[in-house]
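Tertiary structure, described
So you can see what is in the structure, the chains are spelled out below.
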Amino acid sequence: MKSRYLVVGAGFGGAVTARALAQNLGASVLVIDERSHTAGNCHTERDPATNVMVHRYGPHIFHTSRQDVWDYVRSFADFGPYTNRVKAHTPRGVYGLPLNLLTINQFFGRSFRPREAAAFLESLGDKSIKDPQNFEEQALRFIGRELYENFFYGYTKKQWGCEPTDLPASILKRLPVRFNYDDNYYGSIFQGIPRDGYTALIDRILDYEGIEVKVSTRFTREMKDEFAHVFFTGPIDAYFGFAHGRLGYRTVFWDQQEETGDFLGNAVINYTGSDVPYTRIHEHKHFAPWEQHEKTLVFTEYSKATEGNDIPYYPIRLERDKAMLAQYAQAAGSEEGVSFLGRLATYRYLDMHQVIGESLDFSAEFCSATTSGKDTRAGFSNVEKLAPA
Ligand code: FAD
Ligand code: UDP
């Protein structure tokens, strides 16, 4: 009788699931990751030259409105106060993002109050678009052409490598438009960054009796037979050996430079114009405002199509991807004894709090079914999350 579970991937999805299995079922769990470290894309480490905490796969700001998720992460780490206030370097000057009352007033040279600004933006929107079907239509309907072209068109084309008309409206819906002076990038109730970094946090989640972690270990499908159940958080197309083709992903890469003092004056500045080749610049020490560093690390971020061994970062979800995804969803549904969890395995644009929340919910259901003696080989693929949207 196989009693051991296998979790593939030591990011938030894998770590939260492994912890629940070990803690709630007293299970023995092997967690493997092909990288040489834990924490997946949230991996952080101190740069030896500057002592700045570097977010190796891009800056990660934790935010959530789920009290249980906030309590969960804070039970493993002390969070420092951080509010993301992004600035946009546009062809017309530097403004605050997300679009808020200050941005609107400064951009149009006005001094609107909230209701006037809302009415003004409504007047700019293209009312002939009744039911926006893509990113561009969503923008033109709700903010009009001038704001769209200055803040979104160039950045989105660089970030996704296609016309915004080919992208789902849901990508733009990530960003709010505010008719007050709140320039907090996120609308979540809770926000912060773990003082010792995400890797320390995730290592604490994984530090529990029954959990064994092996890094630099790649999953192959033959391993499946050795375990009672597999929880897979890698890319779903890779799991099936790309049998139905490769799902589209964008990858990002950075030019890193060391400077002294304050280089940007902010943690993040987005470059929205098509004439600038990069999308944004990050200065990592500003993500830890409670720390003092004379030296500073500056990362200039570029986006490109994924090829070869590039890390898949952003699921694109073009029409061709959705058709392919439907085939993978079918295959996943018939794959007994495997659950597909997290950003890559469900091919969705998920933030950390969403991955943690879903992993907590899913593992609670799995543990409860197991405790009550149900057969969990089928019905726990999590395939419903794969539905193309
Ligand atoms: P991952 O962290 O990707 O973990 C999956 C792991 O599986 C990886 O470590 C990988 O090595 C491993 N793996 C894959 N295949 C195999 C295999 N065959 N064998 C063994 N191991 C394998 N979210 C926020 O909330 N705030 C932010 O500010 C934010 N910024 C982001 C910036 C960027 C550039 C990106 C790309 C994402 C950002 N996110 C942010 C999202 C966040 O990174 C994800 O929500 C989170 O990492 C998802 O966790 P996960 O466990 O699903 O996946
Ligand atoms: N976006 C944009 N201009 C900006 C910031 C964002 O056009 O200055 C668009 C872009 O398409 C991006 C999407 O809005 O992919 C979501 O932005 P977010 O900041 O959430 O992206 P992430 O931090 O996940 O890369």
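Worth saying up front: this structure is predicted, and the values here are computed from it rather than measured. (Residues numbered from 1 in each chain as written. Chains lettered and ligands numbered in written order. Predicted model: local features only at pLDDT ≥ 70, side-chain atom pairs only at ≥ 80, totals over all residues. Heavy atoms only, no water.)

What about the pattern of salt bridges?
Enumeration over the complete set of coordinates arrives at 26 salt bridges. Residue Lys295 is joined to Glu258 by a salt bridge in which the shortest nitrogen-to-oxygen separation is 3.9 Å. Taken together, the residues span a long stretch of sequence, with Lys295 in strand E15 (residues 295-305) and Glu258 in strand E12 (residues 249-260) at a distance of 37 residues. Assessed through its relative accessible area of 35%, Lys295 is described here as partly exposed. When the shortest N-O distance is used, the salt bridge between Lys304 and Asp310 registers 2.5 Å. Overlapping salt bridges, with partners in common, bring together Arg66, Asp68 and Asp361 in one network. (Salt bridge = Lys/Arg side-chain N within 4 Å of Asp/Glu carboxyl O. Helix = DSSP H or I, 4+ residues; strand = E, 2+ residues; numbered from the N terminus. Buried < 20%, exposed > 50% of the residue type's maximum accessible area, 1.4 Å probe, protein only.)

Looking at the sheet that holds strand E2 (residues 28-32)
Across the sheet, five strands lie side by side as E10-E2-E1-E11-E17; this open sheet has parallel pairing. Every other strand in the sheet has two partners, leaving strand E10 (211-214) and strand E17 (338-340) as the edge strands with one partner each. Between one strand axis and the next, the sheet turns through 20° on average, direction left out of account. Note that strand E11 (residues 229-232) and E17 share three bridges and pair parallel. Residue pairing in the sheet places Phe232 in a bridge with Phe340 of E17. Sheet strands touched by helix H1 (residues 12-25): strand E1 (4-8), E2, E10 and E11. Its angle to E1, the strand with the most contacts, is close to 165°. (Pairing = 2+ DSSP bridges. Axes fitted to C-alpha atoms, helices over the stretch in contact; angles between N-to-C directions. Contact = heavy atoms within 4.5 Å.)

A look at the site of ligand 1
Taken together, 31 residues lie around ligand 1, and Asp33, His60, Ile61, Leu350 and Met352 are the ones closest in. For ligand 1, a nitrogen atom lies 3.0 Å from a polar atom in the backbone of Glu34. Within the side chain of Arg35, an N or O atom sits 3.2 Å from an oxygen atom of ligand 1. Starting from 1,000 Å² of accessible surface for ligand 1 in isolation, the protein chains cover 96%. Residue assignment for the shell around ligand 1 shows that the elements contributing at least two residues are H1, helix H11 (342-345) and helix H12 (352-371). With three residues, the single largest contributor to the shell around ligand 1 is H11. Across the shell around ligand 1, the residue classes break down as 15 nonpolar, ten polar and six charged. (Near = heavy atom within 4 Å. Polar contact = N/O pair within 3.5 Å; in protein donor to acceptor, adjacent residues only side chain to side chain. Areas by Shrake-Rupley, 256 points an atom, 1.4 Å probe, with all protein chains shown as cover. Nonpolar A, V, L, I, M, F, W, Y, C, P; charged D, E, K, R; others polar.)

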